[in-house]
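# Observations on chain architecture
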There are 2 protein chains.
Amino acid sequence: MKQVTIYDIASEAGVSVATVSRVLNNTAPVKASTRSKIMKLIKQHQFQPNALARSLLKKETGTIGVIVPDITNPFFPEVFGGIDSAARDKGFTFFLCDTLGDYDRESQYLDILRKKQVDGIIFMGGRINLAKCPTELVEEVVETAARIPMVLVNGNLPGTELHRVAADESKGAAMATQYLVEQGHRDIAFIGGHDYTSTNAQKLRAFKRVMNQNGLPVAKERILYGDFTMSAGERLMKEILQDSSRPRPTAVLCVNDFTAVGAIKAAIRAGIFIPDDMSIVGFDDIPLASAIYPELTSVKLHMDQLGRNAVDVLHKLIMKEKVKRMTIIEPELVVRDSTKKLIHRE
Amino acid sequence: MKQVTIYDIASEAGVSVATVSRVLNNTAPVKASTRSKIMKLIKQHQFQPNALARSLLKKETGTIGVIVPDITNPFFPEVFGGIDSAARDKGFTFFLCDTLGDYDRESQYLDILRKKQVDGIIFMGGRINLAKCPTELVEEVVETAARIPMVLVNGNLPGTELHRVAADESKGAAMATQYLVEQGHRDIAFIGGHDYTSTNAQKLRAFKRVMNQNGLPVAKERILYGDFTMSAGERLMKEILQDSSRPRPTAVLCVNDFTAVGAIKAAIRAGIFIPDDMSIVGFDDIPLASAIYPELTSVKLHMDQLGRNAVDVLHKLIMKEKVKRMTIIEPELVVRDSTKKLIHRE
DNA sequence: ATGAAAGCGCTAACAG
DNA sequence: CTGTTAGCGCTTTCAT
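Counting starts from 1 at the beginning of each chain's written sequence and moves along it residue by residue. For naming, the first written chain is A and the first written ligand is 1, with later ones following in the order written. Local features in this predicted model are restricted to residues of pLDDT 70 or higher, and side-chain atom pairs are both shown and tallied only at a pLDDT of 80 or more, whereas totals for entire chains, interfaces and linings draw on every residue. Processing note: side-chain calculations cover all non-hydrogen atoms of the structure and skip hydrogens and water entirely.

### Some points on the protein's contact with DNA strand D
Taken together, the neighbourhood of DNA strand D is formed by 27 residues, with Thr19(A), Arg22(A), Thr34(A), Ile6(B) and Leu57(B) sitting nearest. Restricting the count to atoms of DNA strand D within 4 Å of the protein gives a sugar and phosphate share of 60%. The separation between a phosphate oxygen of DNA strand D and a polar side-chain atom of Lys59(A) is 2.9 Å. Tyr7(B) is positioned such that a nitrogen or oxygen atom in its side chain is 3.3 Å from a base nitrogen of DNA strand D. Taken together, the elements giving at least two residues each to the surface near DNA strand D come down to α2 (17–25) and α4 (51–58) of chain A together with α1 (6–13), α2 (17–25) and α4 (51–58) of chain B. For the surface near DNA strand D, the per-class residue count stands at 13 nonpolar, eight polar and six charged. One heavy atom suffices: a residue is near a molecule or strand as soon as one of its heavy atoms comes within 4 Å of it. Polar contacts here mean pairs of N or O atoms no more than 3.5 Å apart (in protein, one a potential hydrogen donor and the other a potential acceptor; neighbouring residues in sequence count only if both atoms are side-chain atoms). Helix numbers and strand numbers start at the N terminus; a helix is a DSSP run of H or I with at least 4 residues, a strand a run of E with at least 2. Any residue outside Ala, Val, Leu, Ile, Met, Phe, Trp, Tyr, Cys, Pro, Asp, Glu, Lys and Arg is labelled polar, Gly included; the first ten of those are nonpolar and the last four are charged.

### Focus on the sheet that holds strand β7 (residues 223–224) of chain B
Residue and element names in this part refer to chain B. With mixed pairing, six strands are arranged side by side in an open sheet as β7-β6-β8-β9-β10-β12. Looking along the sheet, the strands with just one partner apiece sit at the ends: β7 and β12 (332–334). Strands qualify as paired when DSSP identifies two bridges or more between them. The pairing of strand β9 (residues 279–284) with strand β10 (residues 297–300) spans four bridges and is classified as parallel. Residue Val281 lies in a different strand from β10, and its bridge partner there is Thr297. Residues are treated as being in contact if the distance between any of their heavy atoms lies within 4.5 Å. The axes are straight lines fitted to the C-alpha atoms, using for helices just the contacting stretch, and the angles between their N-to-C directions are given from 0 to 180°. Its contacts with the sheet place helix α8 (residues 169–182) against β6 (188–191), β8 (251–254), β9, β10 and β12, and it is angled at close to 165° to β9.

### Side note on the relation of the copies chain A and chain B
Residues reaching a pLDDT of at least 70 in both copies supply the C-alpha atoms on which the copies are superposed by least squares. Under the fitted operation, chain A is carried onto chain B by 0.0 Å of movement along the axis and a turn of 180°, and the coordinates agree to an RMSD of 0.1 Å. The superposition of one copy onto the other is thereby described by a two-fold rotation axis. When C-alpha distances to the rotation axis are compared across chain A, the minimum falls at Phe95(A), with a value of 2.3 Å. When you check the interface residues of chain A against chain B, 98% turn up at the interface there too, and the contact is symmetric in its surfaces.

### Describing the nonpolar core
What we call a nonpolar core is a set of buried Ala, Val, Leu, Ile, Met, Phe, Trp, Tyr and Cys residues that are connected through their side-chain atoms within 4.5 Å. Summary of the burial criterion: residues with accessible area below 20% of their type's maximum are buried, those above 50% are exposed, and those between are partly exposed, where the area comes from a 1.4 Å probe applied to protein chains only. Of all hydrophobic cores here, the largest spans 154 residues; its most connected members are Ile280(A), Ile122(B) and Ile280(B). Discounting chain neighbours no more than four positions away, the residues touching Ile280(B) are Met237(B), Val252(B), Cys254(B), Ala260(B), Ala263(B), Ile264(B), Ile274(B), Leu296(B), Thr297(B), Ser338(B) and Thr339(B). Counting 40 residues, the second largest nonpolar core, distinct from the first, contains Val141(A), Met150(A), Cys97(B) and Leu110(B).

### Some words on the packing of aromatic side chains
The geometry of an aromatic ring pair is captured by two quantities: the separation of the ring centres and the angle between the planes. Aromatic pairing here means that ring centres of Phe, Tyr or Trp (its six-membered ring) are within 6.5 Å. Orientation follows from the plane angle: under 30 degrees is stacked, over 60 is edge-to-face, and everything else is tilted. According to the stated counting rule, one finds seven aromatic pairs over all chains in the structure shown. Between Phe95(A) and Phe95(B), the aromatic rings sit 4.3 Å apart at their centres with planes inclined by 10°, giving stacked as the arrangement. Taken together, the residues Phe95(A) in strand β2 (residues 93–98) and Phe95(B) in strand β2 (residues 93–98) connect one chain to another. Phe95(B) matches Phe95(A) in its accessibility class, with the two residues each being buried. Taking the ring centre of Phe283(B) as reference, the NZ or CZ of Lys203(B) above it sits at 4.0 Å. Any Lys NZ or Arg CZ found within 6 Å of a ring centre and within 35 degrees of that ring's normal is scored as a charge over the ring.

### Comments concerning helix α5 (residues 75–87) of chain A
Residues lying three or four places apart along an α-helix face the same way, a consequence of the helix completing one turn every 3.6 residues. All names here are of chain A. Taking 1.5 Å of rise per residue, the 13 residues of α5 would be expected to cover 18 Å, and the 19 Å separating its terminal C-alpha atoms lies within 8% of that figure. Taken across its 13 residues, α5 has 11 buried, putting it largely inside the fold. For α5, the complete set of buried residues consists of Phe75, Phe76, Pro77, Glu78, Val79, Phe80, Gly82, Ile83, Asp84, Ala86 and Ala87. Between the first and last residue of a helix there are one fewer steps than residues, each counted as 1.5 Å, and that sum is the expected span.

### Some points on the protein's contact with DNA strand C
Around DNA strand C sit 27 residues in total, of which Ile6(A), Leu57(A), Ser16(B), Arg22(B) and Thr34(B) are the nearest. One of the side-chain N or O atoms of Thr19(B) is found 2.7 Å from a phosphate oxygen in DNA strand C. Lys59(B) is positioned such that a nitrogen or oxygen atom in its side chain is 2.9 Å from a sugar or linking oxygen of DNA strand C. Broken down by class, the residue content of the surface near DNA strand C amounts to 13 nonpolar, eight polar and six charged.

### Section: empty space enclosed by the protein
Definitions used for this entry: grid spacing 1 Å over protein atoms alone; cavity, a set of points where a 1.4 Å probe fits but cannot get out; pocket, an open set with protein on both sides within 12 Å along at least 5 of 7 lines; lining residue, one with an atom within 4 Å of a point. Grid points are joined across faces, edges and corners, and a volume is the space filled by probe spheres set on the points. Taken as a whole, this structure holds two cavities of 30 Å³ or more when the rule is applied. Taken together, 14 residues make up the lining of the largest cavity; nearest its centre are Leu52(A), Phe95(A), Leu52(B), Phe95(B) and Lys116(B). Broken down by secondary-structure element, the contributors of at least two residues to the lining of the largest cavity are α4 of chain A together with α4 of chain B. Taken together, the residues that form the lining of the largest cavity break down as six nonpolar, six polar and two charged. Size it by volume and the second largest cavity reaches roughly 40 Å³. Contributing to the lining of the second largest cavity are Val261(A), Ile264(A), Lys265(A), Ile292(A), Tyr293(A), Ala291(B), Ile292(B) and Tyr293(B). Taken together, the residues that form the lining of the second largest cavity break down as seven nonpolar, no polar and one charged.

### Observations regarding the interface of chain A and chain B
Listed per partner, the contact involves 52 residues of chain A and 51 residues of chain B. In total, about 4900 Å² of surface goes out of reach between chain A and chain B, with carbon and sulfur atoms giving 56% of it. Buried area counts how much accessible surface, traced with a 1.4 Å probe, disappears from two parts once they are put together, with both parts' losses summed. Summed over the three residues of chain A that lose the most area to chain B, namely Gln48(A), Leu52(A) and Tyr293(A), the buried surface amounts to 14% of that side. In the sections that follow, a salt bridge refers to a side-chain nitrogen of Lys or Arg positioned within 4 Å of a carboxyl oxygen of Asp or Glu. Connecting chain A to chain B are four salt bridges. Residue Lys265(A) pairs with Glu295(B) through a salt bridge whose shortest N-O separation is 2.6 Å. There are 24 residue pairs in polar contact (both at pLDDT 80 or more) connecting chain A and chain B. Counting residues per element, the ones that place at least two in the side of chain A that touches chain B are α4, α5, β2, α6 (103–115), α7 (135–147), α11 (257–269) and α12 (287–291) of chain A. Per-element accounting of the side of chain A that touches chain B gives the leading share, six residues, to α6(A).

As structure tokens, this is what we get:
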């Protein structure tokens, strides 16, 4: 089916393309009768102006590129939801770029998004979550950001001036730890993720700091590393339970909800009651957290707000308005049923 | 920062734009020395050809529009993952259009995608899941599909010739029901979704049919309707448990996993052990299903395959190759820990 | 092997 | 109020 253009409409209406363009964009007054004649033709032919041609000229596409490491991980759809709800009324459409955390794919997408002339980029995951990101990878991002407005969500590239929106994970971990301590827990384990990620580093540091401030020791055996998955949570919890060299911890802080859910499963399987025998805290508060039984106590990161704020910042960047470089979202500890005051047994 | 164009590269290299275009696309032989000179300039300026201009000319954008009703519902990221993995190597990028199940937004996106000249559309959710879809809504889709290759995923618009890829939900429901019956269950309830959705209708019909075939009655009180959410599952399970007019069913078939998870929670809270006191089957097999305790027996719909097959069909449509109008994905019953053989107590 | 020039469909001066 | 025209950045004949 041949694409109908503004020329077809114009000639059929007996006017010039300029006039058609004018009614299309309401960019100048058009005689009512001409206008309605044109409108009729537009309806009749189901004419939709070619956005490529328009964008080519206007140098704006109304499109935002959203880079995520794994859309299958509930964290990111939640953020995306926030992005969408904040940007759709501004008329933006989204390229969803799923990188699978692969740096090469990130690079490719950065290129593609430039070619496609997106108005802005929201970058999540992958290289911006590394405790130490290789210089070339940083450079790439910086160079793209020099040409296209960009905001990093929940990540960082130290040494750069990139705009960021992030949850205060360190504070969240501190809150959770302090809460557990106040519930009477003294022997708390930390089930972490990859040690080369900044999120793991931050949470672990905060955990240790708060334990310290409370005069509580953290044995080396109490720090476990995994890969942020449910099965890692299961495996690590099993490890903890099998360690017969010491009594089991009365509480566990997990690096994210997946890990916590896995840990809970392993515990229940081993006949340990949650929260009676052991308290468990997750991180992120993805929908899963309140879906399981017992409902998970978790540090809510307000993923939707993360998305919404990212759009705010990005939009200002696009409009060349002034924005502050860093936006912090306050986390919130959501206490549910997986944690409990410790009844000292002696 | 001024966008650098093919003209800048050309003039700086002392050649014509045609030559630059040729090295860019490898579309005709270029003298090695010229080529390398150009390449160098491209690298140096970080030149990326403007895809809009190219697409305007070529009449293809390498972009697919993916319409989903709710990216926050794990079902859709899974499908999207399949789409992505099948299409990215073909060089496609994706517009993710989240409609929130709102028909107006669906219409808008259909328009936007046409304007943006996408090469194809994958349509999920909303109007294509209605048991009876209003004619105007059907028309819109048909008209779009007349201009842009489109495939409907897990939905249908009866009376149209649109291409579809769908899981056999009816069969899935039949399998699950038959399985429960074979486990000795005779009093089975069905916790459904909205009665105006085709998915609910299909599953319910299959459920009743199989019960019938086994000579088992289905009391009216055993069919409950909700809205596919966890809280509906909770509420409906409570309702079932509070009905003192009859013994509680020994098994429950749920319209989806969310509902099942909610039902399980309500049951556990009421002191009912799953699966010992009651068997529960979910539908879809989203990741959540295997995350909870007890792990949920569920009808796996192979969401990723749904996505992959949709891309296959769409790609052939785009290439104007022949494709069959309907692709069925076989469901699979995944038996886990939420179901159990019924031990008759009398 | 390379260049000149004609568009792709649209918008935005500039005239009238 | 409306028409003419010059591009936006790129690809592609058609020459050379």
